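Each chain, written out:
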Amino acid sequence: NAIAVLIDPEKCDNGTRLMELCEKSAFAGVDYLFIGGSTVTRKEFSATVEFIKEHSTIPLVIFPGSSQQISEKADAILYLSLLSGRNPDFLIGQHVQAARAIKHSGLEIWPTAYLLIDGGKPTTVSYISNTLPLPADKPLLTSATALAGQLLGMKLIYLDAGSGAQKPVTMDTIAAVRREVDVPIIVGGGIQSQTDA
């Protein structure tokens, strides 16, 4: 098991907050820092990556909201395909736009099946991606979608209730996905406390 902290440059737009996150993450023994957001500009993204790399030795992994969120100064990128939705732009469109830049970036590339799960309220990612999340009470639908991702060659499964979700992905859903896939599973969104984690 590993713990990652997601940093959204829009929510950490000053050095004091970023420094605090870097220091707390190091103190807590966080394994990865993820960086990205649904509406982050290229300038915000690049500045935040540079700041983090100057002030932290924790591996920095891009969790991209678009093809604009690429930086060769990070360590790796989750090459996300939003398999829970049916919007071709987030299934493959953004990937085509970013493919050459990613190939030549030197980043470690982690092909990831991204599954948005209903977290109790609409989230920015469902609005921006113009997709509906998978129902929280349908773990078999989620596990079948995750399995399809693995069979398509994805190396990771990301179950996300979305930033600001009222409730995290359920244990039933996580267990159903674990029974179907044998690749690592990332779970995020709606995790507000140590108990939730």
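A. Summary view of the side chain of Ser143. Turning to its location among the elements, Ser143 is positioned in helix α5 (residues 139-151). Every residue in contact with Ser143, bar those within four places of it in the chain, is listed here: Ala176, Val177 and Glu180.

B. Representation of the packing of α5 against helix α6 (residues 171-180) in the model. Interhelical geometry of α5 versus α6 gives an angle of 35° and a closest axis separation of 8 Å. α5 and α6 meet at a crossing whose hand is right-handed. Contact with α5, carried on its side by Pro139, Thr142, Ser143, Ala146, Leu147 and Gln150, involves Asp172, Thr173, Ala176, Val177 and Glu180 of α6 and no other residues of that element. Partitioned by chemical class, the residues of the contact of α5 with α6 number five nonpolar, four polar and two charged.

C. Up close: the pattern of salt bridges. Across all of its chains, the model carries four salt bridges by this definition. The residue Lys24 makes a salt bridge to Glu20 at a minimum N-O spacing of 3.2 Å. With Lys24 and Glu20 both in helix α1 (residues 15-28) and four residues apart, the pair spans about one turn of that helix. Between Lys73 and Glu50 there is a salt bridge, with the nearest N and O atoms lying 3.2 Å from each other. A residue pair is termed long-range when its members are at least 10 positions apart, and Lys73 in the loop between β3 (60-62) and β4 (76-82) and Glu50 in helix α2 (residues 42-55) qualify at 23 residues. Lys73 gets classed as partly exposed once you look at its relative accessible area, which sits at 45%.

D. Quick look at the side chain of Ser67. Relative to the elements of secondary structure, Ser67 occurs in the loop between β3 and β4. At a separation of 3.1 Å, a polar atom in the side chain of Ser67 contacts the side chain of Gln97. The residues touching Ser67, leaving out its near neighbours within four places in the chain, are Gln94, Gln97 and Ala98.

E. Main features of the pairing of strand β7 (residues 185-188). The side-chain alternation of β7 yields one buried face, formed by Ile186 and Gly188, and one unburied face, formed by Ile185 and Val187. Where strand β6 (residues 156-160) meets β7, four bridges bridge the pair, whose relative direction is parallel. Looking at the pairing, Tyr158 lines up with Ile186 of β7. With α6 bridging β6 and its parallel neighbour β7, the resulting β-α-β unit is right-handed.

F. Quick look at unusual backbone geometry. The phi dihedral of Asn130 falls on the positive side, at around 55°, and the residue is not glycine. If you trace the backbone, Asn130 turns up in the loop between α4 (124-129) and α5.

G. Representation of α2 within the structure. The end-to-end C-alpha distance of α2 is 20 Å, a good match for the 20 Å that 14 residues give at a rise of 1.5 Å each. Restricting attention to buried positions, one finds in α2 the residues Phe45, Thr48, Val49, Phe51 and Ile52. Around the axis of α2, the buried residues are gathered within 165° of arc, so they sit on the same side. For α2, exposure combined with an orientation more than 90 degrees from the buried face picks out Arg42, Lys43 and Glu54. Tucked into the core, α2 has its buried residues touching β1 (4-7), α1, β2 (32-35) and β3.

What counts, and where the lines are drawn
- Residues numbered from 1 in each chain as written.
- Predicted model: local features only at pLDDT ≥ 70, side-chain atom pairs only at ≥ 80, totals over all residues.
- Heavy atoms only, no water.
- Helix = DSSP H or I, 4+ residues; strand = E, 2+ residues; numbered from the N terminus.
- Contact = heavy atoms within 4.5 Å.
- Axes fitted to C-alpha atoms, helices over the stretch in contact; angles between N-to-C directions.
- Left-handed = near helix turned anticlockwise from the far one by under 90°.
- Nonpolar A, V, L, I, M, F, W, Y, C, P; charged D, E, K, R; others polar.
- Salt bridge = Lys/Arg side-chain N within 4 Å of Asp/Glu carboxyl O.
- Buried < 20%, exposed > 50% of the residue type's maximum accessible area, 1.4 Å probe, protein only.
- Polar contact = N/O pair within 3.5 Å; in protein donor to acceptor, adjacent residues only side chain to side chain.
- Pairing = 2+ DSSP bridges.
- Right-handed = clockwise from strand over helix to strand, strands pointing away.
- Expected span 1.5 Å × (residues − 1).
- Arc of directions from axis to C-beta.

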